Amino acid sequence: MRELTRVLVTGGAGFIGSHVMNRLVGSGCEVIVVDNLSAGVLANIEGHVREGRVCFVRGDIRDLETVVLRLFNAYGPRQGFSEYSGVITQFVDCV
């Protein structure tokens, strides 16, 4: 099995999410946090963001623009979009 190096934490600025993020950063993972800050607070992650250990995307994971345009295009696989269009289509059908 391949070692996990890039992890997406949804709600990562909240109490539980920020603790999960801390553990992942501590184990050497590249962490991307998505949070709309409806319950989370930026102070929970700003130290890691400032130090470049965490990438923060403010948005709602249920929002297609956040998922496709901001997350997938910025942090998705480098092979190209067409290979994964079925995943995006399935996501759209569920929303």
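Thresholds, definitions, all that
- Residues numbered from 1 in each chain as written.
- Predicted model: local features only at pLDDT ≥ 70, side-chain atom pairs only at ≥ 80, totals over all residues.
- Heavy atoms only, no water.
- Salt bridge = Lys/Arg side-chain N within 4 Å of Asp/Glu carboxyl O.
- Helix = DSSP H or I, 4+ residues; strand = E, 2+ residues; numbered from the N terminus.
- Buried < 20%, exposed > 50% of the residue type's maximum accessible area, 1.4 Å probe, protein only.
- Pairing = 2+ DSSP bridges.
- Axes fitted to C-alpha atoms, helices over the stretch in contact; angles between N-to-C directions.
- Contact = heavy atoms within 4.5 Å.
- Patch = residues over 30% accessible without salt bridge, like charges linked within 9 Å, V, L, I, M, F, W, Y side chains within 5 Å.
- Areas by Shrake-Rupley, 256 points an atom, 1.4 Å probe, with all protein chains shown as cover.

J.: Can you help me understand the pattern of salt bridges in this one?
T.: A side chain of one charge can pair with a side chain of the opposite charge when the charged atoms of the two come close. Inspection of every chain in the model, using the stated rule, returns 3 salt bridges. Ionic pairing is found between R6 and E30, a salt bridge with its closest N-O pair at 3.4 Å. Here E30 lies in strand β2 (residues 30–35) and R6 lies in strand β1 (residues 6–10), a separation of 24 residues in the sequence. A residue is classified by how much of its surface remains accessible, and R6, at 35% relative accessible area, is partly exposed. Residue E30 is classed as partly exposed on the basis of its relative accessible area of 33%.

J.: What is the right way to look at the sheet that holds β1 in this model?
T.: Hydrogen bonding along the main chain pairs the strands of a sheet, whether they run parallel or antiparallel. The parallel open sheet is built from 3 strands, whose spatial order is β1-β2-β3. The sheet is open, and its two borders are formed by β1 and β3 (54–58), each paired with just one other strand. Adjacent strand axes in the sheet meet at a mean angle of 20 degrees, parallel and antiparallel pairs treated alike. By the bridge criterion, 5 bridges tie β1 to β2 in an arrangement that is parallel. For R6, the partnering residue across the bridge sits in β2 and is E30. Its contacts with the sheet put helix α1 (residues 15–26) on β1, β2 and β3, and the angle it makes with β2 is roughly 165 degrees. Sitting on the sheet, helix α3 (residues 64–75) touches β1, β2 and β3, and the angle it makes with β3 is about 160 degrees.

J.: Is there a simple way to explain a nonpolar patch on the surface in this structure?
T.: A contiguous nonpolar surface patch, about 350 Å² in accessible area, is contributed by F15, I16 and V20. By the element assignment, F15 lies in helix α1. By relative accessible area, which is 65% here, F15 ends up exposed.

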